[in-house]
Amino acid sequence: MNIGEDGFTENSTKYYPKVYLCDPKKNKDCRKTICYQGGMLSKDYGECKYTVNPEYSKDGKAYIYDPETHEFVEVKK
């Protein structure tokens, strides 16, 4: 599936908003209670891995959830 930067596929089906792989060190607003990198209150590793704020991105890439594959796919520019 080829999802464009605007979040639409070639057949104009809208999926989900863009998200970014979170860098917990940059994300000062988050309490990290369910952080994937083992926040203060999480046991081992939590479920939260993405942010909607591009300033907190770990790799600078945008992703969109694909409900067909149940995975996040990189947005192609």
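First things first, this report covers the structure right here in the doc.

About the thresholds
- Residues numbered from 1 in each chain as written.
- Predicted model: local features only at pLDDT ≥ 70, side-chain atom pairs only at ≥ 80, totals over all residues.
- Heavy atoms only, no water.
- Helix = DSSP H or I, 4+ residues; strand = E, 2+ residues; numbered from the N terminus.
- Buried < 20%, exposed > 50% of the residue type's maximum accessible area, 1.4 Å probe, protein only.
- Contact = heavy atoms within 4.5 Å.
- Areas by Shrake-Rupley, 256 points an atom, 1.4 Å probe, with all protein chains shown as cover.
- Pairing = 2+ DSSP bridges.
- Lys, Arg positive; Asp, Glu negative; His and termini not counted.
- Salt bridge = Lys/Arg side-chain N within 4 Å of Asp/Glu carboxyl O.
- Polar contact = N/O pair within 3.5 Å; in protein donor to acceptor, adjacent residues only side chain to side chain.
- Disulfide = S-S within 2.5 Å.

When you go through the chain residue by residue, the secondary structure sums to zero helices and four strands. The order of α-helices and β-strands along the chain, N terminus first, is β-β-β-β. By the burial criterion, 31% of the 77 residues in the chain qualify as buried. Long-range contacts, defined as pairs at least 24 residues apart, comprise 54% of the intrachain contacts of the chain with a sequence gap of at least 6. Accessible surface for the chain amounts to roughly 5700 Å². Of this, 50% is attributable to carbon and sulfur atoms.

So, on to the sheet that holds strand β3 (residues 57-66). The strand order β2-β1-β3-β4 describes an open sheet built from four strands, whose pairing is antiparallel. With one partner strand each, in any of the chains shown, β2 (50-51) and β4 (71-74) form the two edges of the open sheet. Note: β3 against β4, four bridges, orientation antiparallel. Bridge pairing in β4 links Asp66 to Glu71.

So, about the pairing of β3. Pairing geometry for strand β1 (residues 19-22) and β3, over three bridges, is antiparallel. Along β3, the bridge assignment pairs Val19 with Tyr63. Counting the residues that bridge the hairpin from β3 to β4 gives four residues, and of these His70 lies at a positive phi of roughly 60°.

It is worth spelling out the side chain of Lys32 at this point. You can see Lys32 is positioned in the loop between β1 and β2. Despite its burial, Lys32 remains without a salt bridge, the nearest opposite charge being carried by Asp23 at 8.4 Å. Polar contacts involving the side chain of Lys32 include one to the main-chain carbonyl oxygen of Asn27, which spans 2.7 Å.

Our next topic: unusual backbone geometry. Residues other than glycine predominantly adopt negative phi, and peptide bonds predominantly adopt the trans conformation. Here Lys32, not a glycine, exhibits a phi torsion of approximately 60°, which is positive. For His70, which is not glycine, the phi torsion reads 60° and is therefore positive. When you line up the elements, His70 lands in the loop between β3 and β4. Judged by relative accessible area, His70 falls into the exposed class, the value being 58%.

Our focus in this paragraph is the state of the cysteines. A covalent bond between the sulfur atoms of two cysteines is what we call a disulfide. Scanning all chains against the criterion turns up zero disulfides. Left without a disulfide partner, Cys22 is nearest to the cysteine sulfur of Cys30, which lies 6.3 Å away. The thiol of Cys30 is not disulfide-bonded; the next cysteine sulfur, from Cys48, is found 5.9 Å away. Exposure remark for Cys30: the relative accessible area of 33% places this residue in the partly exposed category.

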